[in-house]
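Here's the letter readout for the chains.
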Amino acid sequence: MPTPTAETVRPAAASGDGATPVRGAAARRAKEWARRAPLLPALVFLIVVTQLPFVATVVLSFTRWNALAPDRRGFAAFDNYAAVFTDPALRASVLTTVLLTVTVVLVSLVLGLGLALLLDRKFFGRGLVRTLLITPFLVVPVAAALLWKHALYNASYGLFNGVLTAVWRLFGSDGAPQPDWMTSSPLAAVETALIWQWTPFMMLILLAGLQSRPADAIEAARMDGAGAFAIFRHLTLPHLRRYLELAALLGTVYVVQNFDAVFTITSGGLGTANLPYTLYQTFYQAHDYGRASAQGVVVVVCSLLVATFALRTVSSLLREEITR
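Given the structure is predicted, the values throughout are model-derived calculations rather than measurements.

Chemist: So, the overall build of the chain: which residues are in play, and what are the values?
Modeler: Scanning the chain from terminus to terminus reveals 14 helices and 2 strands. For the chain, with 324 residues in total, the buried portion stands at 31%. Summed over all atoms, the accessible surface of the chain reaches about 19,900 Å², with 70% contributed by carbon and sulfur.

Chemist: Any chance you could break down the side chain of Asn161 for me, citing the residues and the numbers?
Modeler: Inspection of the secondary structure puts Asn161 in helix H7 (residues 159-170). Ignoring anything within four residues of it in the chain, the contact list for Asn161 reads Asn154, Ala155, Pro177, Gln178, Pro179 and Trp181.

Chemist: I'd like a rundown of the environment of Gly209, residues and numbers included.
Modeler: Structurally, Gly209 can be placed in helix H9 (residues 186-211). Exposure remark for Gly209: the relative accessible area of 0% places this residue in the buried category. When the C-alpha positions of Gly209 and Leu240 are compared, they lie 6.0 Å apart, and in sequence the two are 31 residues distant. Beyond its immediate sequence surroundings of up to four residues, Gly209 is in contact with His239, Leu240 and Tyr243.

Chemist: Pulling in residues and values, what's your account of unusual backbone geometry?
Modeler: A positive phi is found at Ala77, a non-glycine position, where the angle reads about 55°. Judged by its relative accessible area of 28%, Ala77 falls in the partly exposed class. Non-glycine residue Ser267 carries a positive phi angle of around 55°. Counting through the fold element by element, Ser267 comes out in the loop between helix H12 (260-266) and helix H13 (275-285). Given the relative accessible area of 41%, Ser267 is considered partly exposed.

Chemist: Please provide a residue-by-residue account of the packing of aromatic side chains, values included.
Modeler: Per the counting criterion, the structure on display carries 22 aromatic pairs. With a centroid separation of 5.2 Å and 85° between ring planes, the pair formed by Trp65 and Tyr289 is classed as edge-to-face. Here the residue Trp65 occupies a position in the loop between strand S1 (63-64) and strand S2 (74-75), and Tyr289 occupies one in helix H14 (residues 289-323), the gap between them amounting to 224 residues. Within the aromatic cluster, the residues linked to one another by ring pairs are Trp65, Phe259, Phe263, Tyr277, Tyr280, Phe283, Tyr284 and Tyr289.

Chemist: Lay out the nonpolar core with the relevant residues and their values.
Modeler: Ranked by size, the top nonpolar core spans 37 residues in total, and within it Leu100, Val190, Leu194 and Ile265 carry the most contacts. Among the elements of the structure, helix H4 (88-119), helix H6 (141-152), H9, helix H11 (228-256) and H12 are those that each provide at least two residues to this core. Looking at which element gives the most residues to this core, the answer is H9, with 14 residues. In contact with Val190, other than residues within four places in its own chain, are Leu100, Ala261, Val262, Ile265 and Thr266.

Rules and cut-offs
- For every chain, the first residue of the written sequence is number 1, and numbering continues from 1 onward in sequence order.
- Where local features are concerned, this predicted model is filtered to residues with pLDDT of at least 70; where side-chain atom pairs are given and counted, the filter is 80 or more; whole-chain, interface and lining totals use all residues.
- Excluded from the side-chain calculation are hydrogens and water; included are all heavy atoms of the structure.
- Numbering of helices and strands starts at the N terminus; helices are DSSP runs of H or I of at least 4 residues and strands are runs of E of at least 2.
- The classification of residues rests on relative accessible area computed with a 1.4 Å probe and restricted to protein chains. Under 20% of the type maximum is buried, over 50% is exposed, and intermediate values are partly exposed.
- In short, Shrake-Rupley with a 1.4 Å probe defines the accessible areas, and a residue's cover is counted only from the protein chains shown.
- Here a residue-residue contact requires only that any non-hydrogen atoms of the pair lie within 4.5 Å.
- To pair, rings of Phe, Tyr and Trp, with the six-membered ring standing in for Trp, must have centres within 6.5 Å; the planes then decide the type, stacked if under 30 degrees apart, edge-to-face if over 60, and tilted in the middle.
- Definition of nonpolar core: a set of buried residues of the types Ala, Val, Leu, Ile, Met, Phe, Trp, Tyr and Cys, connected through side-chain atoms within 4.5 Å.

Here you go:
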């Protein structure tokens with residue numbers, strides 16, 4: 001029987017060496033799919049719930065579809081988008097949305113920062129006070145808007161006018177002013193209700209930032225004779241910059257999309273119609289589905305731009321925490 005030579009052994013060894021990387025790559029792919037497989041149902045559900053409706057909205061935005069004129073249905077190209085950007089009512093709602101969002105976010109940030117600084121101190125009953133301050137953010141938005149509309153703003157039986165009547169009677173007068181808050185200052189009425197609801201959100205984020213300050217740096221500054229204002233200006237405020245940006249961006253994302261307060265308190269009248277309410281009017285009152293879809297696409301794109309900055313801020317915060 002002939003003995004195997006080196007020439008006959010090498011091909012077999014070479015074929016075995018080539019099969020090993022192939023089997024290793026297949027095993028790695030199998031492990032990767034084994035890790036990803038449990039996430040596939042959630043991914044499919046997410047696509048069905050979010051992406052398919054958005055794709056349908058994009059398709060509808062290029063169609064001419066008004067339920068009041070069904071015979072004119074067809075392809076509209078970019079006519080709906082041209083109408084969206086040239087509509088004076090939409091431009092007014094954009095300005096209202098910007099004014100409403102900037103006012104609510106800035107005032108909520110300032111109030112939230114003040115409350116966070118107070119809650120960062122130790123005092124008796126701090127847990128109870130913190131719970132009570134968080135409560136407005138936990139109220140259902142529609143319920144909060146109804147509370148402000150009927151229990152506080154109402155000109156006949158609201159709390160604000162009741163307090164004015166009680167104060168005037170203390171001084172022996174029955175001629176207390178009874179303003180109609182929702183008519184005289186409609187946009188301010190909506191902004192106040194939203195500020196009341198979003199201040200606790202800002203407070204929670206900033207309080208988390210305050211409690212992550214390096215205690216040794218604060219103690220060293222006090223040992224060097226720095227006062228409370230100097231510590232806040234040179235140490236606390238720079239440390240809270242990322243948290244302020246995060247709170248402002250997240251608040252902007254949500255306040256821009258607010259519909260409940262505008263619809264419940266003023267029904268979009270007296271110059272309070274923002275972008276979501278204008279979209280509602282176009283879809284449910286004018287029954288112009290094509291133009292409403294184009295408005296929805298524009299609103300989503302603007303919200304995504306703001307959300308992108310928010311995600312970048314969150315990722316930078318996480319990177320800073322990891323490197324510590």
